[in-house]
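Survey of secondary and tertiary structure
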Amino acid sequence: MTELGAVFRPQLPPERLRALARLADETGLEQLWLWEDCFLEGGISTAAAALAWTERLHVGVGLLPVPLRNVAVTAMETAALHRMFPGRATLTVGHGVQDWMGQVGARAASPLTLLREHLMAMRALLGGERVTTEGRYVKLDDVALDWPPAGPVPVLAGATGPRTLRLSGEAADGTLLTAGTSPERLRTARGLIEEGRKAAGRTDPHKVVVYLLAATGPDATARLDAELAAEGLTDVPEAAVAGDAGSVAKAVQRLADAGADAVILQPTADEPDPEAFVRFVAEEVRPLVP
């Protein structure tokens, strides 16, 4: 079965999260994904709150920008979430938007090197290892978590470019792809991820999660067209979907056929009724997605 979820966009104030998370839980939505976009809402704080307010909902964070975070702190927070809410959280790390990283004085000269070092150290720490490393960016001296997760914890990488996709296959446990990823682009991404996995000799599972920009309702097409234009995605075929549950489910299936393990429906930034969007995904789209 293709996993399905929705995005809580940080354009909504954080005080809206409680009601939306509880609604997602009550309606049976499988996953709710949060963003750590500058300078809106923190990923770990919102994830912890959403997990505490719900009973079964899986909460994803996509993504935590590694230039903003010391890897030991990220590992500590990830481990704490998994010990308090076993199996209910997915954390994704990535480059972050470079202009935003520059605004806070954290822009890396080599984002790829930083992400590689962060992934390697974070996965080792979460695996209960004691780590000493002297990288270009990540420097740890005899560091181990006192409260590592009780079991394996997958760490995903957000990726778009070919080098980062190969790195994700090599050094991460899964990949998060942004909205605007068409089925064709997804197949290409899958191929690049597999190149990285093959180079690293990895044969373990590698989960691919894809955001799908979606809108429903009488003004859905106009809202979607405006967002696609703002994001420079107008010329990308099948980059988004507007319409009823049947149309959205078909778009989800196209991504699943192209290699997506989970499809997370992303409302437009100006979605007029986020609660109705969550109900739409859980109650109307989910039954149509095998």
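Details of the structure are given in the entry above.
Residues numbered from 1 in each chain as written. Predicted model: local features only at pLDDT ≥ 70, side-chain atom pairs only at ≥ 80, totals over all residues. Heavy atoms only, no water.

**Side note on the overall build of the chain**
Of the regular secondary structure elements, the chain holds 10 helices and 11 strands. The C-alpha radius of gyration of the chain comes to 18 Å, within 12% of the 19 Å expected for a compact globule of 290 residues. For the C-alpha atoms alone, the extent of the chain along its principal axes is close to 60 × 40 × 40 Å. Counting only residues that meet the buried cut, the chain has 54% of its 290 residues in that class. The contacts in the chain between residues at least 6 apart in sequence include a share of 75% that link residues at least 24 apart. (Helix = DSSP H or I, 4+ residues; strand = E, 2+ residues; numbered from the N terminus. Rg over C-alpha atoms; globule rule 2.2 N^0.38 Å. Buried < 20%, exposed > 50% of the residue type's maximum accessible area, 1.4 Å probe, protein only. Contact = heavy atoms within 4.5 Å.)

**Notes on the packing of helix 3 (residues 71-84) against helix 5 (residues 111-126)**
Axis angle and axis distance: for two packed helices, these are the angle between their axes and the distance between the axes, and together they describe the pair. Where helix 3 meets helix 5, the axes come as close as 9 Å, and the angle between the chain directions of the two elements is 40 degrees. Classed by the angle they form, the pair helix 3 and helix 5 counts as oblique. Helix 3 and helix 5 meet at a crossing whose hand is right-handed. Taking contact as the criterion, the partners of Val-71, Ala-72, Thr-74, Ala-75, Thr-78 and Ala-79 in helix 3 are, on helix 5, His-118, Ala-121, Met-122, Leu-125 and Leu-126. Grouping the amino acids of the contact of helix 3 with helix 5 by side-chain chemistry returns eight nonpolar, three polar and no charged. (Axes fitted to C-alpha atoms, helices over the stretch in contact; angles between N-to-C directions. Parallel < 35°, antiparallel > 145°, perpendicular 65-115°, else oblique. Left-handed = near helix turned anticlockwise from the far one by under 90°. Nonpolar A, V, L, I, M, F, W, Y, C, P; charged D, E, K, R; others polar.)

**What about the packing of helix 7 (residues 183-200) against helix 9 (residues 245-258)?**
Closest axis-to-axis distance for the helix 7/helix 9 pair is 8 Å, and the angle between their directions is 25 degrees. With respect to helix 9, the element helix 7 is oriented roughly parallel. The way helix 7 lies across helix 9 gives a crossing that is right-handed. Two secondary-structure elements touch here, helix 7 through Pro-183, Leu-186, Arg-187 and Arg-190 and helix 9 through Arg-254, Leu-255 and Ala-258. Split into classes, the residues belonging to the contact of helix 7 with helix 9 amount to four nonpolar, no polar and three charged.

**Regarding helix 6 (residues 162-171)**
For helix 6, the set of buried residues is Thr-164, Leu-165, Leu-167, Ser-168, Gly-169 and Ala-171. Contacts made by the buried residues of helix 6 are with helix 5, strand 7 (155-158), strand 8 (174-177) and helix 7.

**Some thoughts on helix 7**
Compared with an ideal rise of 1.5 Å per residue, which puts 18 residues at 26 Å, helix 7 spans 26 Å between its outermost C-alpha atoms and is within 8% of the ideal. Of the residues making up helix 7, those classed as buried are Pro-183, Leu-186, Ala-189, Arg-190, Leu-192, Ile-193, Gly-196 and Arg-197. Elements that come into contact with the buried residues of helix 7 comprise helix 6, strand 8, strand 9 (207-215) and helix 9. Remark: Gly-201 follows helix 7 within two positions and exhibits a positive phi of approximately 70 degrees. (Expected span 1.5 Å × (residues − 1).)

**Some details on the packing of aromatic side chains**
Applying the stated criterion across every chain, the model contains three aromatic pairs. Centroid distance Trp-33 to Tyr-211: 6.2 Å. Interplanar angle 85 degrees. Geometry classified as edge-to-face. Residue Trp-33 is found in strand 2 (residues 31-34), and its partner Tyr-211 is found in strand 9; the two are separated by 178 residues along the sequence. By the burial criterion, Trp-33 is buried, and Tyr-211 matches it. (Phe/Tyr/Trp six-rings, centres within 6.5 Å; stacked < 30°, edge-to-face > 60°.)

**Here's the deal with the environment of Leu-140**
Structurally, Leu-140 is set in strand 6 (residues 139-143). Sequence spacing of Leu-140 and Val-71 is 69 residues, and the spatial spacing of their C-alpha atoms is 9.0 Å. Beyond its immediate chain neighbours, meaning those up to four positions away, Leu-140 contacts Val-71, Ala-72, Ala-121, Leu-125, Val-131, Thr-132 and Thr-133.

**Describing the nonpolar core**
Formed by 79 residues in total, the largest nonpolar core has its most connected members in Leu-119, Leu-265 and Val-285. The biggest single contributor to this core is helix 5, with nine residues. In this structure, Val-285 is in contact with Leu-4, Ala-245, Val-248, Ala-249, Leu-265 and Phe-280, ignoring residues within four places of it in sequence. Counting 18 residues, the second-largest nonpolar core is a separate cluster that includes Val-7, Ala-179, Leu-224 and Ile-264. (Core = buried A, V, L, I, M, F, W, Y, C linked by side-chain atoms within 4.5 Å.)

**Observations regarding a nonpolar patch on the surface**
Residues Phe-39, Leu-68 and Val-104 make up a contiguous nonpolar surface patch of about 270 Å² in total accessible area. By the secondary structure assignment, Leu-68 is in the loop between strand 3 (58-65) and helix 3. The class for Leu-68 is partly exposed, based on a relative accessible area of 38%. (Patch = residues over 30% accessible without salt bridge, like charges linked within 9 Å, V, L, I, M, F, W, Y side chains within 5 Å. Areas by Shrake-Rupley, 256 points an atom, 1.4 Å probe, with all protein chains shown as cover. Salt bridge = Lys/Arg side-chain N within 4 Å of Asp/Glu carboxyl O.)

**Things to note about the pairing of strand 6**
In this sheet, strand 6 lies alongside strand 5 (residues 131-134) in antiparallel orientation, the contact comprising three bridges. Pairing of Glu-134 across the sheet is with Lys-139, part of strand 6. In this structure, the hairpin formed by strand 5 and strand 6 is closed by a connection of four residues. (Pairing = 2+ DSSP bridges.)

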